[in-house]
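# Coordinate analysis (summary)
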Amino acid sequence: MAEVGLKNVKKSYGGMQVIHGIDCAIKDGEFMVLVGPSGCGKSTLLRMIAGLEEISAGEISIDGRVVNDVEPKDRDIAMVFQNYALYPHMSVYDNMAYGLRIRGLSKAEIDERVNKAAGILQLQELLQRKPRQLSGGQRQRVAMGRAIVRDPKVFLFDEPLSNLDAKLRVQMRVEIKQLQNRLGTTAVYVTHDQVEAMTLADRLVVMNAGVAEQIGAPLEVYAKPASLFVAGFIGSPAMNFLAGKISGDGRAVELAGGARVALADGRFASSAGRKVTLGVRPEHLVQDGAGTAAHFQLAIELVETLGADTLLHGRIDGKGDGLIVRVDGATMVKSGQTLALHAPPGALHLFDGETGKRLSD
Amino acid sequence: MRKVGFNNKLLPYLLIAPQIAITAIFFYWPASQAVWQSFLIQDAFGTRTEFVWFENYEVLFKDPTYFNAFIVTVVFSTAVAALSLGIALLLAVQADKQIHGSGPYKTLLMWPYAVAPAVAGVLWLFLFQPSLGVLAKLLRSMGVDWNPLLNGNHAMILVIIAATWKQISYNFLFFLAGLQSIPKSLIEAAAIDGASPMRRFWTVIFPLLSPTAFFLLVVNVVYVFFDTFGIIDAVTHGGPAKATETLVFKVFQDGRLGGDLGGSAAQSVILMFMVIALTAIQFKYIERKVHY
Ligand SMILES: Nc1ncnc2c1ncn2[C@@H]1O[C@H](COP(=O)(O)OP(=O)(O)OP(=O)(O)O)[C@@H](O)[C@H]1O
Ligand SMILES: [Mg+2]
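The following refers to the structure shown. (Residues numbered from 1 in each chain as written. Chains lettered and ligands numbered in written order. Predicted model: local features only at pLDDT ≥ 70, side-chain atom pairs only at ≥ 80, totals over all residues. Heavy atoms only, no water.)

Within chain A, the regular secondary structure consists of eight helices and 20 strands. Dimensions of chain A along its principal axes, counting C-alpha atoms only, are 75 × 45 × 35 Å. Of all 361 residues assigned to chain A, the portion counted as buried reaches 50%. Taking as baseline every contact in chain A between residues at least 6 positions apart, the subset at least 24 positions apart corresponds to 65%. (Helix = DSSP H or I, 4+ residues; strand = E, 2+ residues; numbered from the N terminus. Buried < 20%, exposed > 50% of the residue type's maximum accessible area, 1.4 Å probe, protein only. Contact = heavy atoms within 4.5 Å.)

This is the structure we're talking about:
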C-alpha cells in the first residue's frame, strides 16, 4: 500500500505534447479513476506511472520515492491490461506464478499465494487451463489474479472491462470494487465510461485533452462540475446547456430565447450583462406545478422509456434550444405534447461564456 | 459454418481438374516412375532390364559412399538450418525493436532489405573463389591456406555459407511477421512481472514464435535437402573427394553421370519418403501448437 504523487507531469511525443502538466496526490488505499474521452491521455498517464512510458517532465512518486528513472519491475506495481495480456502458452497457474518465480519465491510460497488468489477469484477449477480455453470474464479474473498474487503497492487498470459484454461488465465492476476494498491496495483505474468511473471511484480525475479538468469525489464532481466540459461529460444523459447573460439586477439569467431564469441569490450583481452558459441536469428540471413560474414550454419530440424513468427530448417553444428531461417512468407523456418546465434555482450551474469555468458555487 | 453448395454436380470437379492434372503430371507420374525404376536393374547399354525387387535398396545400404552422403547431408543441413534460423531470428528481433507497432507500412519498407541478400547470395561464391576471390585472398594473407578445391572442410564451409546466406532473408521475413504479431502488452506485462529482456525473450517471445520456428525448420531442411543442388553443382560438384556430396547430389551423380538408374531411383524414393515424413510431422505439430 502506498500513495502515488504526480507533480506537474508532462508528456510529449516528438514535438507533440499530449499531457500538459498534471498534479494529483493519490492517497494510500484510494481508488482513483482517470476518466475522459478517447485520446485525452489517460492511458499515457497510467503507463507513465507503470514505467512503460518515459516521463517528459515533472515527477511521479510511489510511496514517497521518486520513480522517474525506476524500471517498471522495481516500482512494485501490477497492471491489468485492456486485452488482459495473458501469456497464451502458459496455464492459468503459470500465468499467476510467472512474476513470483522471477522474484525467486519458494515453490511452497508460490503455491500458497496462487491458490489464495485463485480462491478469491473463483479460479480453482481453471488453474490448469490455457487462456484460450477461458471465457472473457474468466480471462479478466486471471489478469486480476496475476496482479494480486504479487501483492503490489499499487494496482493499475487500463480499461479492463471494455472487452466484456454489458452484463458481465457490471458484475466485474462490482467484483473489482469489492476486491480493492478488501485488499485496501491503492488503485489507479482508467476508463472512458463515466458510469464505471462514478461507481468505482473514491475520487476521480476528469481529463480532457491532456489536462486534469477536475479532481474530486464522484458526487462532488456531479454536484459541482468545475467546467463546462466536466458538466457535459459526467452524468447521463448529459447536462442541458443554454446560452444567456446575467440580467441587469444580477438575480437571473436572460436566455437567448427570451426566458428569464431566476438565480438563488444576487451574488452576480456585479457581473450584469456577462455572457454565461446555464446548465441544468435532465433529472433536475421539474414539471411546473402550482406556485412556480414556468421557464420553458417544451415541445416533446421524442420519448425514450427506460423503465424506471423516461427521457423526454424536446425543443423550447418548439423551435429553440434542445432540452432533455428525465421524468418518472410512470409519467404518461406523448411526443407532440407541450410540457411546462421549471428550473429550480438550487439546481442551476453557471459557467463563464468564454472560458467555460464554473461561476456558481 | 455456412455450407455453400454447387448446383452443378460436374462443376466442382472441373474446377479442381487443372490442379489435379498438374499434380499428376509433375508429381504422381514421376514419383511412380521412380518407384518402378528403383525395382529394376539395367545393364550398361540399356539393352536388358531385369526386375529385382529390393536389390537396389540392399546395395545402397551397403554402399559406404551412400553412408558418406548421408553424413554429409546431416552435417550440411544441421549447419545451414541452425545458422540461417539463428541469424535470421537475431536480425528479426533487432528489426522488430525498431518498427514494432509502427504499422504495416513500415514493415513493408523492410522487404527490399530482406530480399536483396538472396539476390546477392551468389556474390559469396565470387568472394571465396580461391584464385580471384577477395575474401579468399584475405584469408590467405592471414595465413589460412584457403582452398575449397582441395580441402574438404573448406569446401563444406563454403557451401554452408552460400546456402545459409540465400535462406536468411526468407526466414527473416517469417520471424519478423511472427514477432510483429505478438501483442506489445504481453512484453510489457512480462516487464512489469520483473523479467529481464533476456528472460522475456526466452520465456515469452520465443515460445510464441515456436510454431513459426518449427515451420521454418521443416522448410529449411527441405530446402537444404533439395534446393541446394544448384549451389553444390556450381561451387564444388560434390567434391573434393565427395566431401560435399549430399544425398540429392548423389542421386544426380549416380543417375546422370554413373548411369545407375535403378540405384539413383531408389535414392530418390528414400528422399521422397523423408520429405513426406517431415511434412506430416509439421502438420501434426502445427495443429497441436497454435496458440490463438
Ligand atoms: N506512441 C505514441 N506516439 C505518438 N503519439 C501517441 C503515442 N501514444 C499515444 N499518443 C497520443 O497521445 C494521446 C493520448 O493517447 P492515450 O492512449 O493516452 O489516450 P487515451 O485517453 O487512453 O484514449 P483511449 O480512451 O482511446 O484509450 C493521443 O492523442 C495519441 O494519439
Ligand atoms: Mg487508452
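There's plenty left to go through after this.
Residue and element names in this part refer to chain A. Taken together, Y13, V18, S38, G39, C40, G41, K42, S43, T44 and E159 make up all the residues around ligand 1. Here Y13 contributes a side-chain N or O atom positioned 3.2 Å from a nitrogen atom of ligand 1. K42 has a polar side-chain atom sitting 2.7 Å from an oxygen atom of ligand 1. Relative to its unbound accessible area of 640 Å², ligand 1 is 59% covered by the protein chains. Ranked by residue count, the leading element in the shell around ligand 1 is helix α1 (residues 42–50), at three residues. (Near = heavy atom within 4 Å. Polar contact = N/O pair within 3.5 Å; in protein donor to acceptor, adjacent residues only side chain to side chain. Areas by Shrake-Rupley, 256 points an atom, 1.4 Å probe, with all protein chains shown as cover.)

This part covers the sheet that holds strand β1 (residues 4–13) of chain A. Residue and element names in this part refer to chain A. Pairing within the open sheet is antiparallel, and its four strands lie in the order β2-β1-β4-β5. In this open sheet, the two edge strands, each paired with only one partner strand, are β2 (16–26) and β5 (65–66). As judged from the two bridges shared by strand β4 (residues 57–62) and β5, these two strands associate in the antiparallel manner. Considered in β5, the bridge of I62 is made with R65. (Pairing = 2+ DSSP bridges.)

Before going further, it helps to spend a moment on the sheet that holds strand β6 (residues 77–80) of chain A. All names here are of chain A. As summarised here, the arrangement of the six strands in space is β6-β7-β8-β3-β9-β10, forming an open sheet in which the pairing is mixed. Bordering the open sheet on either side are β6 and β10 (211–216), each of which pairs with just one other strand. Across this sheet, the average inter-strand angle for adjacent strands is 15 degrees, counted without regard to direction. Summarising the sheet, β6 and strand β7 (residues 154–158) pair through four bridges and their orientation is parallel. Bridge assignment links I77 to a residue of β7, and that residue is V154. Strand contacts of helix α4 (residues 136–149): β6 and β7, with the helix running at about 175 degrees to β6, the strand carrying the most contacts. (Axes fitted to C-alpha atoms, helices over the stretch in contact; angles between N-to-C directions.)

Contacts between chain A and chain B engage 24 residues on the former and 21 residues on the latter. The interface formed by chain A and chain B contains two salt bridges. A salt bridge links D193 of chain B to R150 of chain A; its shortest N-O distance comes to 3.1 Å. Here chain A is connected to chain B by eleven residue pairs in polar contact (both at pLDDT 80 or more). For the side of chain A that touches chain B, the secondary structure elements donating two or more residues are α1, β6 and α2 (92–102) of chain A. For the side of chain A that touches chain B, the element with the highest residue contribution is α2 of chain A, accounting for four residues. Here the side of chain A that touches chain B is composed, by residue class, of 14 nonpolar, three polar and seven charged. (Salt bridge = Lys/Arg side-chain N within 4 Å of Asp/Glu carboxyl O. Nonpolar A, V, L, I, M, F, W, Y, C, P; charged D, E, K, R; others polar.)

On to the pattern of salt bridges, then. Applying the stated criterion across every chain yields a total of 21 salt bridges over all chains. For R315 of chain A, the salt bridge goes to E301 of chain A, with nearest N and O atoms at 3.5 Å. Note that R315 of chain A is positioned in strand β17 (residues 309–316) and E301 of chain A in strand β16 (residues 296–305), a separation of 14 residues in sequence. For R315 of chain A, a relative accessible area of 34% corresponds to the partly exposed category. You can call E301 of chain A partly exposed: its relative accessible area is 45%. Taken together, the salt bridges that share partners define one network made up of K11, R47 and E53 of chain A together with K184 and E188 of chain B.

What follows covers the packing of α4 of chain A against helix α5 (residues 166–183) of chain A. All names here are of chain A. In contact at an axis separation of 11 Å, α4 and α5 are set at 15 degrees when each is read in the N-to-C sense. Between α4 and α5, the angle falls in the class roughly parallel. Classified by chirality, the crossing of α5 by α4 is right-handed. Contacts between α4 and α5 involve G137, Q140, R141, M144 and I148 from the former and L168, Q171, M172, E175, I176, L179 and L183 from the latter. Taken together, the residues that form the contact of α4 with α5 break down as seven nonpolar, three polar and two charged. (Parallel < 35°, antiparallel > 145°, perpendicular 65-115°, else oblique. Left-handed = near helix turned anticlockwise from the far one by under 90°.)

Residues and elements named next belong to chain A. Pairing between β1 and β2: eight bridges, direction antiparallel. The partner of S12 across the bridge, within β2, is Q17. Hairpin connection between β1 and β2: a loop of two residues separates the two successive antiparallel strands, and G14 in this loop has a positive phi of roughly 60 degrees. Bridging between β1 and β4 involves five bridges; their strand directions are antiparallel. Residue pairing in the sheet places V4 in a bridge with I62 of β4.

Residues and elements named next belong to chain A. Mapped onto the fold, S43 is located in helix α1. Residue S43 is classed as partly exposed on the basis of its relative accessible area of 26%. For the pair formed by S43 and T191, sequence separation is 148 residues and the distance between their alpha carbons is 8.8 Å. In this structure, S43 is in contact with D158 and V190, ignoring residues within four places of it in sequence. A distance of 3.1 Å separates polar atoms of two side chains, one belonging to S43 and the other to D158.

Residue and element names in this part refer to chain A. Packing of α2 against helix α3 (residues 107–120) brings their axes to within 10 Å, and their N-to-C directions diverge by 135 degrees. As summarised for this structure, α2 and α3 are arranged oblique, according to the angle between their axes. In the packing of α2 onto α3, the handedness of the crossing is right-handed. Where α2 abuts α3, its residues Y93, M96, A97, L100 and R101 lie against I110, D111, R113, V114, A117 and A118. For the contact of α2 with α3, the per-class residue count stands at eight nonpolar, no polar and three charged.

All right, on to a nonpolar patch on the surface then. Residues and elements named next belong to chain B. A contiguous nonpolar patch, built from L10, L11, Y13, L14, L15, I16 and I20 and spanning about 740 Å² of accessible area, is present on the exposed surface. With respect to the helices and strands, the residue I16 is situated in helix α1 (residues 11–38). Here I16 falls in the partly exposed class, since its relative accessible area comes to 45%. (Patch = residues over 30% accessible without salt bridge, like charges linked within 9 Å, V, L, I, M, F, W, Y side chains within 5 Å.)

Turning our eyes to something else, we now look at the packing of aromatic side chains. Residue and element names in this part refer to chain A. Summed over all chains, the structure comprises twelve aromatic pairs over all chains. Cluster of aromatic residues (ring-pair linked, three or more members): F31, F155, F157 and Y189. The aromatic ring of Y13 is capped on one face by K11, whose charged end is 5.0 Å from the ring centroid. Here R281 stacks its cationic end above the ring of Y222, 4.1 Å away from the centre of that ring. (Phe/Tyr/Trp six-rings, centres within 6.5 Å; stacked < 30°, edge-to-face > 60°. Lys NZ or Arg CZ within 6 Å of the ring centre and 35° of its normal.)

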